[in-house]
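One letter stands for each residue in the lines below.
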Amino acid sequence: MDELIELLPLLAQSAYETLYIVGLSLFFGGLGGLVLGLGLYTTRRGSFLSNSAVFTVLNVLVNIFRPIPFIIFLAAAQPLARAVVGTGIGNDAIIFTLSLAAAFGISRIVEQNLLTVQPGVIEAARSVGAGPLRIIFTLLIPEALGPLILGYTFIFVALVDMSAVAGYIGGGGLGNFAIQYGYRLFNPVVTWAAVIIIIVLVQLVQWAGNTVARRVMRR
Amino acid sequence: MPAIELTNVTKTFPPRTRGEQHLVALDDVSLTVKQGEIFGIIGYSGAGKSTLVRLINALERSTSGSIVVAGEEISSLRERELRRIRLGIGMVFQQFNLFTSRTVWGNIEYPLNVAGVPRAEHQARISELLHFVGLADKAHSYPDELSGGQKQRVGIARALATRPKILLADEATSALDPETTREVLAVLKRVNEEFGVTIVVITHEMEVIRSIAHKVAVMDSGRIVEIGDVFDVFSNPQADATKKFVSTVVKAVPEPTELDTLRRRHPGRIVTLSFNDGNVSQSSVFVELAASGVTFELIYGGINEIQGRTFGHLTLSITGSDSAIESALVRVRPLVTVTEVN
C-alpha cells in the first residue's frame, strides 16, 4: 500500500498517457476508419458509387490487416512507424500503429452501421437530385449517427485494451504501469489500482457514449 | 410536347452469378404521358413497373431505347446532368422513405437545399406545402411520430418542394389502409388539378387507377399488354392480365358456378345487359323493358362510375311470354349490349 502511495504521481501520469494515446488514436484511426468504411459502403454492389474493383481492393486490404494480433502488428509495423513519425519506439510510435490498426477495425463498424440505413432513404435523396458527397455528409452519416457513436464508444474501449501493450515498444500508459510496477515487482495492489482506474475510465466513456447516442436517436 | 415519352425501352439486369441468364425487366416498352395527365401503370409485383418508373428519373439507366422527359433525351445524359433533371421530377415511395434524422420541416427543406433555393424563401415554401397537405401542426415532429398517412403526405410535400412538373408515385398507397389510401389519393388528385403536375402512378390496385387515373397501362412480364383511357380499359378489357385486374373492382358476369345457383332461384330467362358507352342511363333501359310488358329482376352485377361516365354489367331474370321477352330484348338492343346467358 505504501508503494502505491509513493507511485501515485506516476499512476496519474500513466492515466494521462493512456488518455493521450487512446484519444489521439481514436481521432486518427476514427477518421481513417470512417473514410475506409464509407469507401466499403459506397462501392459495394447496389450502392450509389458501386465499383466492384475498388470494393474488392478495400475489402481484401481490411481483411488482411484486421486479424493480425496487435502485439505482432506493433512489431511488424515498426519500420513503417519509423518512416512516418520518425521513431519506432515511444508514445508517438504507439499512436501511429494503434491508429493504423484501429482504422481497419473501425472501417467494418462504420460499414455495418451505414448498412442499417434504409436504401430507400438514399434513393429518396437521389430522387431530389442530391449528389454523392451531399448524400454522405447530409444524410448517410446523420441517419446512422446514433449507432456510429455507439460503435466509436466500443472502439474506445478496444483501444484502451490494445494500448496496454505500449510498454513493449517503450510507450507509457496504465497497461505499462500495471506490468512494470505491479506484475514485475510482485505488487498486486499496484496492478489492481491500475485496473480500477481503467474500469472507471471505461464506465465514464461508455456512459457518455450512451447518453449522446440516446439523444441523437431520440430514444 | 408530351411530359414523358418512352420509345422501345429495354432494361436488362446482369446475372447475379456467372452462367445465369440476364434478367429482362422491361421488354420494348413504349408509352407517352401527356402534360397534366394522371397516368396509371398497373401490374403484379415483378411485372417491371417499379423499374419503369425509375427510368423516368434515371435512378435506373435503360439498356436501350429513348426516354424523353420534358423535351430532353435523358438516356444519354451523365449522372451530373441527371441531377438537374431530377430536380424537376418529384417522387413518392411505398415505404415513404422519410429522413428519420430530420423533422417534417427538415425533410421538406432537404430538396430546397439541394436545388439551391435561397434560405430566405424556405420558410414560406415549407409552410405553404405543410398547409397544402394538412400537416401545419406537425412541422417539428419526427417521422416516427407520424401515422402512415401523415408520413406519405410529408413524402408528397417533400416531392413537391422544388415545384416539379412531374410527380412519380411508386406504390404510394400500397402500405396504407383503405381509408388512408383515399386520403392520399385525394391529395394526389389535388396536386394534379391545382398545380397541373403530371403524375405517373405505379400500383397493383385497380381501385387506385379507378379513382384518379386518366390513362392506364397494364404491365405483364416486362411488357405493356394494354394501354388506353381508363374508361375504355375498364369497360372493355382485352388482355388476360387486364381482365383479372378489372374483375377486382368491377362485378361483371356471373361465374358458371354462381350461374347454377342463380338459375335454381330464378325461373325466368337470364340475360346480361352491358352498359359500355357511358352515356346510356339505366332508367331508359328499364323504361323500355317495362313497356314491353315483361317483369324483370336484377340478380347480379353492378354499375361503376369512372371519370363521370358509367358502365357495368347487369344480369336480369326476365319473366313473361316468349314473344314479350323477344320484343323487350329487341327494344333494348340499340341501347345496351345484350348477352343471353345459357
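Everything here concerns the structure above.
Residues numbered from 1 in each chain as written. Chains lettered and ligands numbered in written order. Predicted model: local features only at pLDDT ≥ 70, side-chain atom pairs only at ≥ 80, totals over all residues.

We now examine the packing of helix α3 (residues 104–115) of chain B against helix α5 (residues 148–160) of chain B. Residues and elements named next belong to chain B. The geometry of α3 relative to α5 is characterised by a closest axis approach of 7 Å and an angle of 30 degrees between their N-to-C directions. Viewed along their axes, α3 and α5 adopt a mutual orientation that is roughly parallel. For the pair α3 and α5, the crossing hand works out as right-handed. For the pair α3 and α5, the contacting residues are V104, N107, I108, Y110 and P111 in the first and V154, A157 and R158 in the second. The class makeup of the residues in the contact of α3 with α5 is 6 nonpolar, 1 polar and 1 charged. (Axes fitted to C-alpha atoms, helices over the stretch in contact; angles between N-to-C directions. Helix = DSSP H or I, 4+ residues; strand = E, 2+ residues; numbered from the N terminus. Parallel < 35°, antiparallel > 145°, perpendicular 65-115°, else oblique. Left-handed = near helix turned anticlockwise from the far one by under 90°. Contact = placed C-beta atoms within 7 Å. Nonpolar A, V, L, I, M, F, W, Y, C, P; charged D, E, K, R; others polar.)

With that settled, the discussion passes to the sheet that holds strand β8 (residues 198–203) of chain B. All names here are of chain B. Spatially, β6-β7-β8-β3-β9-β10 is the arrangement adopted by the 6 strands of the open sheet, whose pairing is mixed. Looking at which strands have only one partner, the edges of the open sheet turn out to be β6 (89–93) and β10 (223–229). Looking at each pair of strands side by side, their axes are set apart by 15 degrees on average, direction ignored. Pairing analysis gives 5 bridges linking β6 to strand β7 (residues 166–170), with the strands arranged parallel. Note on β7: the bridge partner recorded for G90 is L167. Packing against the sheet, helix α9 (residues 240–247) makes contact with β3 (38–42), β9 (215–220) and β10, and its axis sits at approximately 120 degrees to β9. (Pairing = 2+ DSSP bridges.)

As a further point, take the nonpolar core. Grouped together as the largest cluster of nonpolar side chains are 150 residues, with contacts concentrated most on A169, V200 and V201 of chain B. Domain assignment of the residues forming this core places at least three in each of domain 1 (4–88 + 164–247) and domain 2 (256–340) of chain B. (Core = buried A, V, L, I, M, F, W, Y, C linked by C-beta atoms within 7 Å. Buried ≥ 20, exposed ≤ 12 C-beta atoms within 10 Å, placed from the backbone. Domains from an automatic or database assignment.)

Before going further, it helps to examine the sheet that holds strand β5 (residues 72–73) of chain B. All names here are of chain B. Strand order in this open sheet of 4 strands is β2-β1-β4-β5, and the pairing throughout is antiparallel. Taken across any chain shown, the strands that pair with only one partner, and hence form the sheet edges, are β2 (23–33) and β5. Strand direction decides the pairing type here: strand β1 (residues 4–13) and strand β4 (residues 64–69), joined by 5 bridges, are antiparallel. Pairing of I4 across the sheet is with V69, part of β4.

None of this, on its own, says anything about what the molecule does.
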